[in-house]
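In case you want the letters, here they are:
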Amino acid sequence: MANLNLDHLATFRMVISRGSFSGAAEALGLSQPAVSLQIRQLEQALHVRLIERTSRGIRPTPAGLTFSEHCMKIDSVVNTAIESVSLHSDDITGTVTVGTGATACIHLLPPLLQQLRQAHPLLKVDVRTGNTSDIVRSVGENRIDIGLVTLPVTGKCLSVSPLGTDEFVVIMEKDASEQSANPLSPDALLSLPLIIFEPGSGTRALIDEWFRYAGHTASPVMELGSIEAIKRMVRSGLGYSIVPLMSVAGMEESQGLSLYSVTPSLHRTLGTVMREDRIVSRGISEVLKRLNASFAKDESS
């Protein structure tokens with residue numbers, strides 16, 4: 001009987017998902033030779049070739065396709081076993097991996113994570129940041145348990161649940177503009193230098209659509225992946241930006257900035273995305289409960 005290494009199964013599935021050894025290596029934080037070695041050891045244990053090289057890259061063999069389906073079932077069974085055993089403990093333990101954008105990571109998660117640590121010290125929450133498309137892909141690849149992203153998102157076999165909304169505002173260097181307190185439209189902003197989120201984020205897609213709805217195309221002078229970097233550039237007088245209110249809601253966060261509402265109004269819906277076949281452990285359930293409570297509190301205040 002072949003002895004199968006669960007890490008090797010995960011590597012095999014990642015190679016199939018990414019379509020290359022190099023892509024899988026990057027996603028897993030391994031070297032390409034290490035990935036190749038794991039696949040070779042897996043094939044030796046099964047006495048069958050699982051992956052073949054073609055002129056267009058790599059693809060699973062018929063045996064590889066069959067094995068990939070079983071890998072998904074094995075992963076589900078292992079997760080179920082771990083969760084079943086954890087029910088015999090009064091403590092909530094394990095690791096939950098959450099993927100989200102930089103804004104939510106900085107301005108939403110810290111108090112939530114602090115509450116979780118105080119209530120469940122044996123529960124570990126890992127946080128990964130990235131743009132919406134990367135996070136959704138990582139959820140699909142089983143590398144992230146919960147994605148906290150800007151909706152809508154699309155993908156196969158995903159469960160999506162809205163949490164709440166967040167308004168967008170224009171930020172400018174404090175007192176550097178003659179703009180009135182009236183809401184600002186795309187027409188009023190078009191001639192000003194725009195500093196914006198990098199492409200690939202759900203937030204960027206919403207802002208681009210806001211301009212397109214008015215018949216314009218956003219032409220940014222800077223595209224950045226960090227909300228704090230964007231605010232720093234705006235404070236330096238290098239341009240204006242359109243950001244979620246969450247990122248400038250506090251006195252410290254909005255220091256050195258002037259805030260303006262926009263017309264037509266612009267907001268985003270934040271939500272969670274998970275695999276449909278994800279076993280909802282007690283840890284995952286607790287994180288989801290805290291996220292829902294956080295948004296319910298914000299909307300009632």
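Residues numbered from 1 in each chain as written. Predicted model: local features only at pLDDT ≥ 70, side-chain atom pairs only at ≥ 80, totals over all residues. Heavy atoms only, no water.

### Here's the deal with the overall build of the chain
Step number 1: Of regular secondary structure, the chain possesses 11 helices and 11 strands.
Step number 2: When the 301 residues of the chain are sorted by exposure, 41% land in the buried category.
Step number 3: Entry remark: accessible area of the chain is about 16100 Å², with carbon and sulfur atoms responsible for 51%.
Step number 4: If the 27 positive side-chain charges of the chain are averaged to one point and the 31 negative ones to another, these points end up 7 Å apart. (Helix = DSSP H or I, 4+ residues; strand = E, 2+ residues; numbered from the N terminus. Buried < 20%, exposed > 50% of the residue type's maximum accessible area, 1.4 Å probe, protein only. Areas by Shrake-Rupley, 256 points an atom, 1.4 Å probe, with all protein chains shown as cover. Lys, Arg positive; Asp, Glu negative; His and termini not counted. Charge placed at Lys NZ, Arg CZ, Asp CG, Glu CD.)

### Some thoughts on the pairing of strand 11 (residues 267-275)
On a regular strand, one side chain projects to one face of the sheet and the next to the other, so that they alternate.
Step number 1: Most of strand 11 sits out of view: 7 of its 9 residues are buried.
Step number 2: When strand 5 (residues 146-151) meets strand 11, the two strands line up antiparallel, connected through 5 bridges. Across the sheet, residue Thr-150 finds its bridge partner in strand 11, namely Leu-270.
Step number 3: Note that strand 6 (residues 158-173) and strand 11 share 9 bridges and pair antiparallel. Across the sheet, residue Ser-159 finds its bridge partner in strand 11, namely Met-274. (Pairing = 2+ DSSP bridges.)

### Overview of empty space enclosed by the protein
Step number 1: According to the stated counting rule, one finds 2 cavities of 30 Å³ or more in the structure shown.
Step number 2: Estimates place the volume of the largest cavity at around 70 Å³.
Step number 3: Looking at the lining of the largest cavity, the element that brings in the most residues is helix 4 (residues 62-86), giving 4 residues.
Step number 4: The class makeup of the residues in the lining of the largest cavity is 2 nonpolar, 3 polar and 5 charged.
Step number 5: Roughly 30 Å³ of volume is contained in the second largest cavity.
Step number 6: Along its surface, the second largest cavity is lined by Val-98, Leu-109, Leu-112, Leu-113, Leu-116, Val-125, Val-287 and Leu-291.
Step number 7: Every element with two or more residues in the lining of the second largest cavity is listed here: helix 6 (109-119) and helix 11 (282-300).
Step number 8: Among the elements that make up the lining of the second largest cavity, the one with the highest residue count is helix 6 (4 residues).
Step number 9: When the residues that make up the lining of the second largest cavity are grouped by side-chain class, the tally is 8 nonpolar, no polar and no charged. (1 Å grid on protein atoms, 1.4 Å probe; cavity = no way out; pocket = protein on both sides within 12 Å on 5 of 7 lines; lining within 4 Å. Points joined across faces, edges and corners; volume = space filled by probe spheres on them. Nonpolar A, V, L, I, M, F, W, Y, C, P; charged D, E, K, R; others polar.)

### Observations regarding the packing of helix 1 (residues 6-18) against helix 2 (residues 21-28)
A pair of packed helices can be characterised by two numbers: the angle between their axes and the separation between those axes.
Step number 1: As a packed pair, helix 1 and helix 2 sit with axes 8 Å apart at the nearest point and diverge in direction by 120 degrees. Considering the angle they form, helix 1 stands oblique to helix 2. Between helix 1 and helix 2 the crossing geometry is right-handed. For the pair helix 1 and helix 2, the contacting residues are Thr-11, Met-14, Val-15 and Arg-18 in the first and Phe-21, Gly-23, Ala-24, Ala-27 and Leu-28 in the second.
Step number 2: When grouped by side-chain class, the residues that make up the contact of helix 1 with helix 2 number 6 nonpolar, 2 polar and 1 charged. (Axes fitted to C-alpha atoms, helices over the stretch in contact; angles between N-to-C directions. Parallel < 35°, antiparallel > 145°, perpendicular 65-115°, else oblique. Left-handed = near helix turned anticlockwise from the far one by under 90°. Contact = heavy atoms within 4.5 Å.)

### Examining the pairing of strand 5
Step number 1: Judged by how many residues are buried, strand 5 sits mostly within the fold: 6 of 6 residues are covered.
Step number 2: Alignment of strand 3 (residues 94-100) against strand 5, held across 3 bridges, turns out to be parallel. Each bridged residue has a counterpart across the sheet, and for Val-98 the counterpart in strand 5 is Ile-146.

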